[in-house]
Amino acid sequence: MPDHFTQLLEWRRNELAVRGLAKLPPEFYSATSTYLAELRRSYEAELRENPSGRKGDISRQTYQRAIQVARDIVEGRAQKVLGAAFQASIGGSRDLVNALPEERAMFDQLLSVLLEHRRTSAAYIEPTPGPAPTSITHSPEVPPVPPATSPSPRAPAPMPTARSRPTLVYVRVLKDSRPVEVGSQTVDLRADDLLSLPPETAKLLAEAKVVELLESSSLRPVT
């Protein structure tokens, strides 16, 4: 059986390949949360034991990649559920094939909110019965003209939410140490240097007494 990270990559590939919801195991949300929590505990323990060790850094990078893949799956499926709820609110089907229980609950809540909004804030777009028919006599030369119909207004499709860029933490190196890898870069640790690091890396190095955290600094960080 493939490991959970490999499964996440496969599930994301399947999700991007279809317009509707791709099929996922019923325990996707709980199993993914458990896997990511265990992976985080593992790399944090390894970095505490050896802050500049290669193994701990590889585990941290694996965790960050797994987080991104899982986010892509969840946000992609949420956008599909949102679109399906809107279509259902204007008379479309309420079937949601391959929806997990968490997603079905979200769909029902979204549909309820959309319908309530139409009833209370925009009742004029709901269909209303027309006037009672009356008897009209037409000239034999002029055929009756059917009443014109106008299409119902459609709301624009939801726009994807922009993700905020990750923040960095400024630290001062307390003592010379082995280089550490930050993303795709290798950073030397020399006493009195200022560095900008991801929060989790900065926290672990501070706990190991390799660096001290800085609240703010006007100096440019050394990279």
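Residues numbered from 1 in each chain as written. Predicted model: local features only at pLDDT ≥ 70, side-chain atom pairs only at ≥ 80, totals over all residues. Heavy atoms only, no water.

Q: An account of the pairing of strand β1 (residues 169–173) is requested, with residue identities and associated values reported.
A: Strand direction decides the pairing type here: β1 and strand β4 (residues 194–197), joined by 4 bridges, are antiparallel. Along β4, the bridge assignment pairs R172 with L194. Across 3 bridges, the pairing between β1 and strand β5 (residues 211–213) is antiparallel. Counted as the bridge partner of V171 is L213 from β5. (Pairing = 2+ DSSP bridges. Helix = DSSP H or I, 4+ residues; strand = E, 2+ residues; numbered from the N terminus.)

Q: Which residues make up helix α2 (residues 28–49), and what are the values?
A: End to end, α2 covers 32 Å across 22 residues, agreeing with the expected 32 Å (1.5 Å per residue, within 8%). Buried-residue contacts for α2 involve α1 (4–17), α3 (54–89) and α5 (199–207). (Expected span 1.5 Å × (residues − 1). Contact = heavy atoms within 4.5 Å.)

Q: Explain the packing of α3 against helix α4 (residues 101–121) residue by residue, including any values.
A: Any two packed helices are characterised by the angle at which their axes cross and by the distance between the axes. With their axes 9 Å apart at the nearest point, α3 and α4 run at an angle of 40° to one another. Between α3 and α4, the angle is such that the two are oblique. In this structure, the crossing between α3 and α4 has a hand that is right-handed. In this structure, α3 uses R77, A78, V81, L82, A84, A85, F86, A88 and S89 to contact α4, whose residues at the interface are E103, M106, F107, L110, L111, L114, L115 and R118. Grouping the constituent residues of the contact of α3 with α4 by class yields 13 nonpolar, 1 polar and 3 charged. (Axes fitted to C-alpha atoms, helices over the stretch in contact; angles between N-to-C directions. Parallel < 35°, antiparallel > 145°, perpendicular 65-115°, else oblique. Left-handed = near helix turned anticlockwise from the far one by under 90°. Nonpolar A, V, L, I, M, F, W, Y, C, P; charged D, E, K, R; others polar.)

Q: Go over the pattern of salt bridges with me, naming the residues and quoting the values.
A: Using the criterion set out here, one finds 11 salt bridges in the structure. Where D57 meets R60, a salt bridge forms, and the shortest distance between an N and an O atom there is 2.6 Å. With D57 and R60 both in helix α3, this residue pair falls 3 residues apart, about one helical turn. Of the two residues, D57 and R60, neither departs from the other in class, the shared state being buried. Put simply, R119 and E116 hold a salt bridge, and the shortest N to O gap is 2.9 Å. Of this pair, R119 and E116 both sit in helix α4, separated by 3 residues, roughly a single helical turn. Each member of the salt-bridge network shares a partner with another, and the members are E15, R77, K80 and E103. (Salt bridge = Lys/Arg side-chain N within 4 Å of Asp/Glu carboxyl O. Buried < 20%, exposed > 50% of the residue type's maximum accessible area, 1.4 Å probe, protein only.)

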